[in-house]
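# A look at the structure
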Amino acid sequence: MEILRYTAFANDSRGGNPAGVVLDATGLDSEKMAEIAAEVGYSETAFLFPVAGEHTVARYFSPRIEVPFCGHATIAAAVAHARLNGPGVLHLATKAGYIEVRTSIEPSGSVYATLVSVPPRTAQIQDDDLVALLAALDWSPDELDPGLPPLAAYAGAWHPVIGAASRERLADLRYDEGALLEVMERNDWATVDLVWRESEHVFHTRNPFPTGGVFEDPATGAAAAAFGGYLRELGLVRPPARVTIHQGVDMGRPGVILVDVPAEPNSGIAVSGTAVQL
């Protein structure tokens, strides 16, 4: 068994979100995968279980928990797979559902990967939970962007979307880990998707991830997919549309996530980016 280390949504090792990748995890049980993920220490490690002629089973572990789906580790695993086997299509069976990932070689020689999420959806956040969430983040209601209403968004995992009224509010991330963990675990939220809208199709995000044992996730593909569905459902973009998400800047690990929002209702959201080996 070989544990690879890639950073996704960046062109060099100084940016993006690092992920562990095990391309053939045959024989590993949940306890061993959790142990490996904790040792690797990244926000997620992807474990693939190839089955001839069938979907490849993919499981994702953070240092603290197993998550149903992880976007950046999927991109990292697809790029690693393409480096070893050539570009093409990976059909993944995740705990969230079936995910298709296509890889291609760029003229620069880098591998470009695009995943298509499960159908997205949104849900209301209960008033008490929103109050608790904002209190844990130390945000006041007047610091929210009224154009990005608070909702929980899903495209394989749940993420509450909280819109910041200013870039300065987004940049100042200090939260009560215990209080935030409590409200997130109560609602089965994977990360909190803090968002600032720079322009019609350009956003900046940050993703606290205390449920996974990580203070902040540098580039969150699953949240990006969920956010793409949120934008379409609320009519905040006119699909088909491409959205660019900048994440990790405030952590010193800048990354870029490209999100393609198709016009068809209930269709999966495409999330694209590169990854490089560490």
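Residues numbered from 1 in each chain as written. Predicted model: local features only at pLDDT ≥ 70, side-chain atom pairs only at ≥ 80, totals over all residues. Heavy atoms only, no water.

For the protein, the name recorded in an unreviewed UniProt entry is Phenazine biosynthesis protein PhzF family, with Micromonospora saelicesensis as its organism. A UniProt comment under Sequence similarities (unreviewed entry) is attached to the protein, and it reads "Belongs to the PhzF family." (UniProt positions renumbered as here; feature names shortened; annotations may be inferred.)

## Some remarks on the environment of Ala37
Here Ala37 lies in helix α1 (residues 30-40). Spatially, the C-alpha atoms of Ala37 and Val243 are 31 Å apart, while their sequence positions differ by 206 residues. With sequence-adjacent residues up to four places away left out, Ala37 is seen in contact with Tyr42, Thr45, Phe47, Phe61, Ser62 and Pro63. (Helix = DSSP H or I, 4+ residues; strand = E, 2+ residues; numbered from the N terminus. Contact = heavy atoms within 4.5 Å.)

## Describing the nonpolar core
Counting residues in each nonpolar core, the largest one holds 81 residues, and the members touching the most others are Tyr60, Ile162 and Leu180. Considering each element in turn, this core owes the most residues, eight residues, to helix α2 (residues 71-85). Ala37, Val40, Phe49 and Phe61 belong to the second-largest nonpolar core, a separate cluster that totals 11 residues. (Core = buried A, V, L, I, M, F, W, Y, C linked by side-chain atoms within 4.5 Å. Buried < 20%, exposed > 50% of the residue type's maximum accessible area, 1.4 Å probe, protein only.)

## Side note on the side chain of Ser43
With respect to the helices and strands, the residue Ser43 is situated in the loop between α1 and β3 (44-49). Take Ser43: its relative accessible area is 5%, and that puts it in the buried class. A polar contact is formed between the side chain of Ser43 and the side chain of Asn17, at a distance of 3.3 Å. A polar contact is formed between the side chain of Ser43 and the side chain of Asp217, at a distance of 2.7 Å. With residues near it in sequence (within four places) discarded, Ser43 still touches Asn17, Pro18, Phe61, Ser62, Pro63, His72, Phe209, Val214 and Asp217. (Polar contact = N/O pair within 3.5 Å; in protein donor to acceptor, adjacent residues only side chain to side chain.)

## Here's the deal with the environment of Pro208
Structurally, Pro208 is set in strand β13 (residues 202-209). Residues Pro208 and Ala190, spaced 18 residues apart in sequence, show a C-alpha to C-alpha distance of 9.1 Å. Those residues within four positions of Pro208 in sequence are excluded, and the remaining contacts are Leu137, Leu173, Tyr175, Leu180, Met184, Thr191, Val192, Leu194, Phe215 and Glu216.

## Quick word on the pairing of strand β4 (residues 56-61)
Every other side chain in a regular strand lies on the same face of the sheet, so the side chains alternate between the two faces. Of all six residues that make up β4, five are buried, and the element is covered over most of its length. Strand direction decides the pairing type here: β3 and β4, joined by five bridges, are antiparallel. When the sheet's bridge partners are listed, Phe47 is paired in β4 with Arg59. Counting the residues that bridge the hairpin from β3 to β4 gives six residues, and of these Gly53 lies at a positive phi of roughly 75°. In terms of strand pairing, β4 meets strand β6 (residues 89-94) through two bridges, oriented parallel. If you follow Thr56 over to β6, its bridge partner there is Leu92. Across two bridges, β4 lies against strand β5 (residues 66-67) in antiparallel orientation. Residue pairing across strands places Phe61 opposite Glu66, the latter belonging to β5. Hairpin remark: β4 followed by β5, antiparallel, with four residues in the connecting loop. (Pairing = 2+ DSSP bridges.)

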